[in-house]
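Chain residues, written in single-letter form:
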Amino acid sequence: MQNSKETSCPCRELDATQRSYAQCCQAFHDGRGNLMTLPDTAEELMRSRYSAFVLGLRRYLLDTWHETSRPNDLELDSQMRWLGLEIHATRAGGATATRGVVEFEAHYSIGQNRGSQREVSSFVRENGAWFYVDAL
Ligand SMILES: [Zn+2]
């Protein structure tokens with residue numbers, strides 16, 4: 001991604017805060033596995049995974065997928081252009097929780113068609129690290 005300090009983070013494009021990538025998901029992506037740079041909340045992990053989809057960070061997506069549901073490999077659809085993320089609701093998943101649920105909607109376009117994927121995702125935290133488990 002060019003000019004990442006100025007550009008709003010992919011996960012914030014529909015968000016009033018418009019935080020830059022450098023102030024938002026970049027540390028999670030760059031600091032994989034380092035306890036200092038792990039997301040504190042299930043929502044932060046959800047955002048960082050959405051941004052990883054946008055940026056094509058396959059490794060990060062697999063690493064933050066819980067081992068019980070992680071696919072062997074992941075193919076990202078290069079036709080798909082992600083347009084923005086809306087967080088609709090969160091349950092638990094705070095900085096001291098070990099489970100969390102995030103309901104979100106990810107907007108995309110494929111060619112001329114626009115659509116969105118709405119999902120209620122569950123997350124679990126183990127040894128300080130949040131993982132995506134599955135869709136409820
Ligand atoms: Zn972000």
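Located above this text is the structure these notes cover.
Before going into details, it helps to say that this report is about the structure given with it. All values derive from a computational prediction rather than experimental measurement.

Counting residues in hydrophobic clusters, the biggest one holds 26 residues, and the most contacted among them are C11, M46, Y50 and F123. Elements with a minimum of two residues in this core: α2 (42-55), α3 (58-63), β1 (80-92), β2 (99-110) and β4 (129-135). V124, A129, F131 and V133 belong to the second largest nonpolar core, which has five residues in total.

Turning next to the coordination of the zinc ion. The zinc ion binds to the protein through C9 (SG), C11 (SG), C24 (SG) and C25 (SG), with metal-donor distances spanning 2.3 Å. Classification of the site at the zinc ion rests on its four donor atoms, whose angles at the metal span 100 to 118°, yielding the label tetrahedral. Along the chain, the residues donating to the zinc ion are arranged with the sequence spacing C-x1-C-x12-C-C. With C11 in the segment before α1 (26-30) and C24 in the segment before α1, the pair connects residues that are 13 residues apart, well separated along the chain. For the pair formed by C11 and C24, the shared burial category is buried.

As a further point, take unusual backbone geometry. Phi at A92 is positive, roughly 50°, even though this residue is not glycine. Relative to the helices and strands, A92 is located in strand β1. Even without being a glycine, N127 presents a positive backbone phi close to 50°. Along the chain, N127 falls in the loop between β3 (113-126) and β4. For N127, a relative accessible area of 79% gives the class exposed.

Strand pairs in the sheet, formed through backbone hydrogen bonds, run parallel or antiparallel to each other. One open sheet accounts for four strands, arranged β1-β2-β3-β4; its pairing is antiparallel. Of all the strands in the sheet, the pair left with one neighbour each is β1 and β4. Within this sheet the neighbouring strands show an average axis-to-axis angle of 30°, counted without direction. The sheet contact formed by β3 and β4 spans six bridges and is antiparallel. By the bridge assignment for β4, V124 is matched with F131. The strands touched by α2 are β1, β2, β3 and β4; relative to β1, the strand with the most contacts, the crossing angle is about 170°.

Take the pattern of salt bridges next. Close approach of charged atoms allows side chains of opposite charge to pair. Inspection of the entire model under this criterion finds seven salt bridges. With a closest N to O distance of 3.3 Å, D15 and R47 form a salt bridge. Of this pair, D15 sits in the segment before α1 while R47 sits in helix α2, placing them 32 residues apart in sequence. Of the two residues, D15 and R47, both sit in the buried class. Across the pair D63 and R59 runs a salt bridge whose closest N-O atoms are separated by 3.2 Å.

Another aspect to go through is the packing of aromatic side chains. A full pass over the atoms with the stated rule returns five aromatic pairs. Arranged with centres 5.9 Å apart and planes meeting at 75°, the rings of W82 and Y108 form a pair that is edge-to-face. Here the residue W82 occupies a position in strand β1, and Y108 occupies one in strand β2, the gap between them amounting to 26 residues. Every member of this aromatic cluster is reached through a ring pair, and the members are Y50, F53, W82 and Y108. Over the aromatic face of W65 sits the side chain of R49, whose NZ or CZ is 4.8 Å from the ring centroid.

Basis of the calculations
- Residues numbered from 1 in each chain as written.
- Predicted model: local features only at pLDDT ≥ 70, side-chain atom pairs only at ≥ 80, totals over all residues.
- Heavy atoms only, no water.
- Core = buried A, V, L, I, M, F, W, Y, C linked by side-chain atoms within 4.5 Å.
- Buried < 20%, exposed > 50% of the residue type's maximum accessible area, 1.4 Å probe, protein only.
- Helix = DSSP H or I, 4+ residues; strand = E, 2+ residues; numbered from the N terminus.
- Donors = N, O, S within 2.8 Å, 3.2 Å for Na, K, Ca; no water.
- Tetrahedral: all angles 85-135°; square planar, octahedral: opposite > 155°, others 65-115°.
- Pairing = 2+ DSSP bridges.
- Axes fitted to C-alpha atoms, helices over the stretch in contact; angles between N-to-C directions.
- Contact = heavy atoms within 4.5 Å.
- Salt bridge = Lys/Arg side-chain N within 4 Å of Asp/Glu carboxyl O.
- Phe/Tyr/Trp six-rings, centres within 6.5 Å; stacked < 30°, edge-to-face > 60°.
- Lys NZ or Arg CZ within 6 Å of the ring centre and 35° of its normal.

That's the geometry; what it means functionally is another story.
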